[in-house]
Amino acid sequence: MVAIFVLITFLLFIAIDWLVLKSQKKKHPAFENGTSIADIAVFTKEIFRAPLEIFLSKGHTWAQKNEYGLIKIGIDEFILKALGKIAITKTAETGHVVKKGDVIFEASVGNKTLNFRSPVQGTVKFINPLILNKKINDPYGDDWGVLMAAENFSEIKNSLFTGNDIRKFLKEEFSRLKDFLHKHTLRPELAGATMFDGGNVVEGAVSSITAQGIDEFEKDFLTV
Amino acid sequence: MKNSILKFTFWKVVAVIIIVAGLYSAFIRFTQGLGASTNLSDAFPWGLWIGFDMLCGVGLAAGGFAICAVTHIFNVEKFKPLARPAILTAFLGYILAVCGLMFDLGRPWAIWHAIIMWNTHSVMFEVAWCVMLYSTVLFLEFFPVVLERFKLPKILKIIKRVSIPIMMLGILLSTLHQSSLGSLYLIMPEKMHPLWYSPLLPVFFYLSAISTGFAMVIFEAFLSARAYNHGLKLNLLSACSFISIIFIIINFTLKIVYLSMSGKLQYLLILSPVTYLFYLEILIGTIVPAFFLSSRKFREDKKYLYFSSVFIISGFLLNRINVSITSLAAMSKASYFPSITEISVTMMLVVIGMWAFKLIIQNFPVFSEELELEKPVSVIESISKPLTLSE
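Residues numbered from 1 in each chain as written. Chains lettered and ligands numbered in written order. Predicted model: local features only at pLDDT ≥ 70, side-chain atom pairs only at ≥ 80, totals over all residues. Heavy atoms only, no water.

A short note on the overall build of chain A
From N to C terminus, chain A includes 6 helices and 11 strands. Put simply, chain A has 224 residues, and 50% of those count as buried. For chain A, restricting intrachain contacts to residue pairs at least 6 apart in sequence, the fraction spanning at least 24 positions comes to 66%. A total of about 10400 Å² of accessible surface is found on chain A, and carbon and sulfur atoms cover 53% of it. (Helix = DSSP H or I, 4+ residues; strand = E, 2+ residues; numbered from the N terminus. Buried < 20%, exposed > 50% of the residue type's maximum accessible area, 1.4 Å probe, protein only. Contact = heavy atoms within 4.5 Å. Areas by Shrake-Rupley, 256 points an atom, 1.4 Å probe, with all protein chains shown as cover.)

Points about helix 1 (residues 10-37) of chain B
Residue and element names in this part refer to chain B. Here helix 1 contains 28 residues, and its C-alpha end-to-end distance of 29 Å is more than 12% below the 40 Å for a straight helix at 1.5 Å per residue. The largest bend along helix 1 measures about 95° and falls at T31. Of all the positions in helix 1, only V14, A15, I18, I19, G22, S25, A26, I28, R29 and S37 are classed as buried. (Expected span 1.5 Å × (residues − 1). Bend = angle between axes of the 7 residues up to and from the residue.)

Observations concerning the pairing of strand 10 (residues 146-150) of chain A
All names here are of chain A. With 3 bridges connecting them, strand 4 (residues 71-75) and strand 10 associate as antiparallel partners. Within strand 10, the residue paired with I71 across the bridge is M148. Taken together, the 5 bridges between strand 9 (residues 122-127) and strand 10 define a ladder with antiparallel strand orientation. Paired with I127 across the two strands is V146, which belongs to strand 10. (Pairing = 2+ DSSP bridges.)

Re the packing of helix 4 (residues 80-104) of chain B against helix 6 (residues 123-149) of chain B
Residues and elements named next belong to chain B. The contact between helix 4 and helix 6 brings their axes to 9 Å, and the two run at 140°. Here helix 4 lies oblique to helix 6, going by the angle between them. In this structure, the crossing between helix 4 and helix 6 has a hand that is left-handed. Contacts between helix 4 and helix 6 involve R84, I87, L88, A90, F91, Y94 and V98 on the former and, on the latter, V131, Y134, S135, L138, F139, E141, F142, V145 and E148. Per-class residue counts for the contact of helix 4 with helix 6 are 12 nonpolar, 1 polar and 3 charged. (Axes fitted to C-alpha atoms, helices over the stretch in contact; angles between N-to-C directions. Parallel < 35°, antiparallel > 145°, perpendicular 65-115°, else oblique. Left-handed = near helix turned anticlockwise from the far one by under 90°. Nonpolar A, V, L, I, M, F, W, Y, C, P; charged D, E, K, R; others polar.)

Side note on the packing of helix 3 (residues 63-73) of chain B against helix 4 of chain B
For any two helices packed against each other, the geometry comes down to the angle between their axes and how far apart the axes lie. Residues and elements named next belong to chain B. The N-to-C vectors of helix 3 and helix 4 enclose an angle of 150°; their axes lie 7 Å apart at closest approach. Regarding the angle of helix 3 to helix 4, the classification is roughly antiparallel. Judged by the twist between their axes, the crossing of helix 3 over helix 4 is left-handed. Along the contact surface, helix 3 presents G63, G64, I67, C68, T71 and H72, while helix 4 presents K80, L82, A83, A86, I87 and A90.

Some remarks on the packing of aromatic side chains
Per the stated rule, a full pass over the model turns up 32 aromatic pairs over all chains. Between the aromatic rings of F219 of chain B and Y306 of chain B, the centroid separation amounts to 6.0 Å while the plane-to-plane angle is 15°, which identifies the pairing as stacked. One end of the pair, F219 of chain B, is in helix 9 (residues 201-228); the other, Y306 of chain B, is in helix 13 (residues 302-332), with 87 residues separating them in the sequence. We note that F219 of chain B, like Y306 of chain B, is buried. Here the aromatic residues F10 and F31 of chain A together with F219, F222, Y306 and F307 of chain B are joined through ring pairs into a cluster of three or more. The ring of F221 of chain A has R176 of chain A lying over it, and the distance from NZ or CZ to the ring centre is 4.3 Å. (Phe/Tyr/Trp six-rings, centres within 6.5 Å; stacked < 30°, edge-to-face > 60°. Lys NZ or Arg CZ within 6 Å of the ring centre and 35° of its normal.)

Some thoughts on helix 6 (residues 211-221) of chain A
Residues and elements named next belong to chain A. Turning to helix 6, its buried residues number three or more, namely G213, I214, F217, E218 and F221. End-on view of helix 6: buried residues confined to an arc of 145°, all on one side of the axis. Exposed positions of helix 6 whose direction lies more than 90 degrees from the buried face are Q212, D215 and K219. (Arc of directions from axis to C-beta.)

Some details on the side chain of E342 of chain B
All names here are of chain B. Within the element layout of this structure, E342 appears in helix 14 (residues 340-363). Reaching out from E342, the side chain makes a polar contact with the backbone nitrogen of N39 at a distance of 2.9 Å. Once you skip the residues sitting within four places of it in the chain, E342 turns out to touch S37, T38, N39, L40, L48, W49 and Y336. (Polar contact = N/O pair within 3.5 Å; in protein donor to acceptor, adjacent residues only side chain to side chain.)

Considerations on the nonpolar core
In terms of nonpolar packing, the biggest core is built from 107 residues, with I67, Y185 and M192 of chain B touching the most fellow members. Here this core gets 14 residues from one element, more than from any other, and that element is helix 9 of chain B. Beyond its immediate stretch of four places on either side in the chain, M192 of chain B contacts Y185, Y197, L201, V323, S327, L328 and M331 of chain B. Core analysis: the next-biggest nonpolar cluster, separate from the first, contains 54 residues, I73, A92, F116 and F126 of chain A among them. (Core = buried A, V, L, I, M, F, W, Y, C linked by side-chain atoms within 4.5 Å.)

Describing the pattern of salt bridges
Residue and element names in this part refer to chain A. Enumeration over the complete set of coordinates arrives at 5 salt bridges over all chains. When the shortest N-O distance is used, the salt bridge between R117 and E218 registers 3.6 Å. Placement of the pair is R117 in strand 8 (residues 112-117) and E218 in helix 6, with a sequence separation of 101 residues. Given the relative accessible area of 24%, R117 is considered partly exposed. Note on E218: relative accessible area 16%, which makes it buried. The closest approach of N and O atoms between K134 and D143, which form a salt bridge, is 2.4 Å. A relative accessible area of 32% places K134 in the partly exposed class. The buried category is assigned to D143, whose relative accessible area is 3%. (Salt bridge = Lys/Arg side-chain N within 4 Å of Asp/Glu carboxyl O.)

Okay, here's the thing in structure tokens:
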């Protein structure tokens, strides 16, 4: 009897919760349709955290000095969340001198291409051979792009964000992204009906905008 | 719009009623004793508080060690997003199991005796130490989340350096503890119904804890998605369900082999309420989930995934209550049904656990992935060193 009582209590609470949701005209995530928001990963401005040792540019490329004095360059997490599946297709070649603001990575988002700009000035010494045409999963870890011998890094790094400033910057970027999506998205439901009421943004929402929108995204968000 | 704590919702009202009733029951329990507040007796000394709060609570908290084992021992990194919520659930589950124990112990103020008065021949001694140590380990496993929240990178670096040994210790302690809960019943073979008594009880408890731990991860993901509109990581949940069903099938096979080899299959033919409960446990906890989760199509459908997790948890609850209450009641002929006090205290502990979980995920980065402070120098960087030197 006790076993039946415990089982019925557990199932009763689940059933009541289902009725409560129904009375609120909401659906349990298990019963949402395939294209519902519950199927789609979302992100908020609160999720962005970066390693303490990195320096981030306004163009969402980061720089980190390694123990041999080389500067590792990569793409930040904000871009991953905004664009969804992204892969670097080209990088500046080994031995090339790159100025701050020059294109250092070319990346593909679906059939569109985006240019990412170097946060520092220097010579490309090494390209991560595992990065080309591979979906970026670990932006601050294994999925870095190139190693550079930077010039005047101690001066240039003062113009980059670090520590808490990165969080503040990415929070502001999140707000800008909402405005941008509102202007450009072809599928407003992916941005979420409650987006301007403090709601979340769907991961990869930018990839669903027009080709012209992608160009504007590059201009608005990827300029150093 | 921010949620206000004063905003009334159906579940808030229900939770407040349950907590008020629970607090009143706690008052009765600690002022008038076990005899006045429970339906326990000398013939039936372990009831709902042990059967549900301890045996089910600890088993349902097994998701923490199961996910940690997958991510940190088998190095399957894709499960990492599930680790923090699972560790938090495990930590809260253990804390609440200890709270439940405090209600059940005749002299709760003497609980610390196990620390210095060692009785190494007692299974309860092992249980007590495992609970103490594993709760501490779970706190340490969750501690980085607190440090990240309060931005204390120096301490975080130290904790991260010792995190792997801590995780491994946690898995070891949890293995000992989950199985020793089953060992508790090995000392009373003549008092348990033959369908549930087995010398393999520690193995059954351990295997069922793993399978239910993964099912709880799925169930909890749906609860979080419902409450916070988080996206469901369906691929990970589907993989969890697959691991869960493998352990369910192993557990079931072992049970059947044991029943047949020990000549106990005949008890399945004795039609009685006890046998029906055994059949129900197998039907709900094994056959139905095995039917759905053995098909990839169903595993990748969130509706079936959710219901399968509900079935697995239900089967687990039935099994633990059957072992701890049904089987003992059947043999002792003593009747037991929990009193309102016992029920309200148990419900209060569940509600406190859910509120604590909600409060913590609202204020700490539980659903964020682990922050890597230090990446080891990769092979590629090592290769790049001579390049630097040569130029």
